[in-house]
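Descriptive analysis of the structure
Below are the chains, spelled out letter by letter.
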Amino acid sequence: MTTLKLPTSRQQRSEPKHKPVRPIAPAKRVCTSPPTGKPRVEGGDRPEKPTIAEPERNRSGERRRHPSTGKPGDRVKAENRVRSPRDVRTEERSGKRASDSETALRKTSVTDLPRLSKRMSELGLCSRREADEWIVNGWVRVNGEVVDTLGTRVSPDAHIEVSDSARQAQSERVTILLNKPIGYVSGQAEDGYEPAIVLIHPDNQWAEDPVRKTFQRGFLKGLAPAGRLDIDSTGLLVLTQDGRIARHLIGEDSTIEKEYLVRVEGKLSEDGLKLLNHGLELDGVKLKPAKVSWQNEDQLRFVLREGRKRQIRRMCELVGLKVTALKRIRIGSVTLGKLPLGQWRYLRPGERF
């Protein structure tokens, strides 16, 4: 029988003579980073990354997209972030976002507002020249405050008041009716002809003038014609210091009728008479409807609501007529009446155009 012998010593065992040596991990080195001064670890375990805030999400739970890249999850700056309706309401409550009315007011430039004098003229208070005088004198209030600076601009809905002094000064302004003869121009002197205003002096006042007002040299200051009458025409010419009357007679929106008696030469057909009433044009612009009829066998009666330069004479030429005499006899409801040629009278109180 065979006997199995077991090893009795370490050398006789099957295990290795020496235990395997476990490698030693390198030592950790700590260095300082020059830019930040914070400790940086080389080797070994890395420090945990800083926690980054979750991307903002909209009300439906989706991550917001960057306005320029369109990528979800990108951090969006506050000024570029798309505001939700809730954010907008919050901003409006906190006053960060101006209302539409305030924005419109800021966009409205001060220079877009009308001047005070122009606004007063539009309201029919006075002429722009009168307005400037009243403003300088401190006779005008805007929204309860006195305005005495020329060129002041006001809102169209501003409340404008004038003092009693302004009303009194306006009531003292005169309006004169003149029967202008041939050879005088309506406005300033031209081509050697004198202006019609030289006829306004005491010697030429109509003896039967019902207004008993003593003539003063101050009446000539600011006296200007409200409308024109050709140098070779006669009849009613209005000269006034009152800007309201001037605007009423010759303003862009004036519809005051002016009546003329016109002596003509030539033959006028029925079609020509119709054209005089409506259908003619001057300088490429159609004329407003007129009222033209025969006064007698050689004289026509014209009623116009406009006053183009030498309008009646040019109208007659277009239908084959020649004007030999022209006389204005009425402006609005004021007539020439018995006023002699070359003489003048005051506009009576209560007399309206």
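Residues numbered from 1 in each chain as written. Predicted model: local features only at pLDDT ≥ 70, side-chain atom pairs only at ≥ 80, totals over all residues. Heavy atoms only, no water.

1. Examining the layout of surface pockets
- The volume enclosed by the largest pocket comes to roughly 580 Å³.
- What lines the largest pocket is a set of 19 residues, and nearest its centre among them are Arg129, Arg173, Lys221, Gly222 and Gln241.
- For the lining of the largest pocket, the per-class residue count stands at six nonpolar, six polar and seven charged. (1 Å grid on protein atoms, 1.4 Å probe; cavity = no way out; pocket = protein on both sides within 12 Å on 5 of 7 lines; lining within 4 Å. Points joined across faces, edges and corners; volume = space filled by probe spheres on them. Nonpolar A, V, L, I, M, F, W, Y, C, P; charged D, E, K, R; others polar.)

2. What to know about the pattern of salt bridges
- For the structure shown, the criterion picks out 16 salt bridges.
- For the salt bridge of glutamate 122 with arginine 119, the shortest nitrogen-to-oxygen distance reads 3.2 Å. Note that glutamate 122 and arginine 119 are positioned in helix α3 (residues 116–122) at a spacing of three residues, about one turn of the helix. (Salt bridge = Lys/Arg side-chain N within 4 Å of Asp/Glu carboxyl O. Helix = DSSP H or I, 4+ residues; strand = E, 2+ residues; numbered from the N terminus.)

3. Here's the deal with the side chain of aspartate 242
- Relative to the assigned elements, aspartate 242 resides in the loop between β8 (234–240) and α6 (243–250).
- The buried category is assigned to aspartate 242, whose relative accessible area is 6%.
- At a separation of 2.9 Å, a polar atom in the side chain of aspartate 242 contacts the main-chain amide nitrogen of arginine 244. (Buried < 20%, exposed > 50% of the residue type's maximum accessible area, 1.4 Å probe, protein only. Polar contact = N/O pair within 3.5 Å; in protein donor to acceptor, adjacent residues only side chain to side chain.)

4. Here we look at the packing of aromatic side chains
- Scanning the entire structure with this criterion turns up four aromatic pairs.
- The interplanar angle of 85° and the centroid separation of 6.0 Å between the aromatic rings of phenylalanine 215 and phenylalanine 219 together place this pair among those described as edge-to-face.
- Judged by relative accessible area, phenylalanine 219 falls into the buried class, the value being 9%.
- Consider the rings of tryptophan 344 and tyrosine 346, whose centres lie 5.1 Å apart with planes at 90°: the pair is edge-to-face.
- Classification of tryptophan 344 by relative accessible area gives buried; the value is 0%. (Phe/Tyr/Trp six-rings, centres within 6.5 Å; stacked < 30°, edge-to-face > 60°.)

5. Some points on helix α4 (residues 128–136)
- Burial in α4 covers these residues: Glu130, Ala131, Trp134 and Ile135. Taken around the axis of α4, the buried residues stretch over an arc of 135°, which confines them to a single face. Exposed residues pointing more than 90 degrees away from the buried face of α4 are listed as Arg129 and Val136.
- Looking one or two places after α4, you find glycine 138, whose phi comes out positive at around 75°. (Arc of directions from axis to C-beta.)

6. Observations regarding the environment of leucine 113
- Topologically, leucine 113 is positioned in the loop between α2 (100–107) and α3.
- Under the relative-accessibility criterion, leucine 113 is labelled partly exposed at 24%.
- Note: C-alpha distance between leucine 113 and threonine 152 (39 residues apart in sequence) is 9.4 Å.
- When neighbours within four sequence positions are excluded, leucine 113 is seen to be in contact with Arg153, Val154, Ser155 and Pro156. (Contact = heavy atoms within 4.5 Å.)

7. Section: the pairing of strand β14 (residues 322–331)
- The pairing of β8 with β14 spans two bridges and is parallel. The residue of β14 that forms the bridge with threonine 234 is lysine 327.
- Where strand β9 (residues 258–265) lies against β14, eight bridges are found, and the strand directions are antiparallel. Within β14, the residue paired with valine 262 across the bridge is leucine 326.
- As paired strands, β14 and strand β15 (residues 334–335) are joined by two bridges and run antiparallel to one another. (Pairing = 2+ DSSP bridges.)

8. Here's the deal with the pairing of strand β13 (residues 299–304)
- Burial of β13 is extensive: five of the six residues sit out of reach of the surface.
- Taken together, the five bridges between strand β12 (residues 291–296) and β13 define a ladder with antiparallel strand orientation. Paired with valine 292 across the two strands is phenylalanine 302, which belongs to β13.
- Linking β12 to β13, which pair antiparallel, is a turn of two residues.

9. Considering the nonpolar core
- With 37 residues, the main nonpolar core has Leu276 and Phe302 as its most contacted residues.
- Looking at this core, the elements that each hand over two or more residues are β6 (175–180), β8, β9, α7 (270–277), β13, α8 (311–318), β14 and β16 (344–346).
- Look past the residues within four positions of phenylalanine 302 in its chain and what remains in contact with it is Lys258, Glu259, Tyr260, Val262, Leu276, Lys291, Val292, Ile312, Met315 and Cys316. (Core = buried A, V, L, I, M, F, W, Y, C linked by side-chain atoms within 4.5 Å.)

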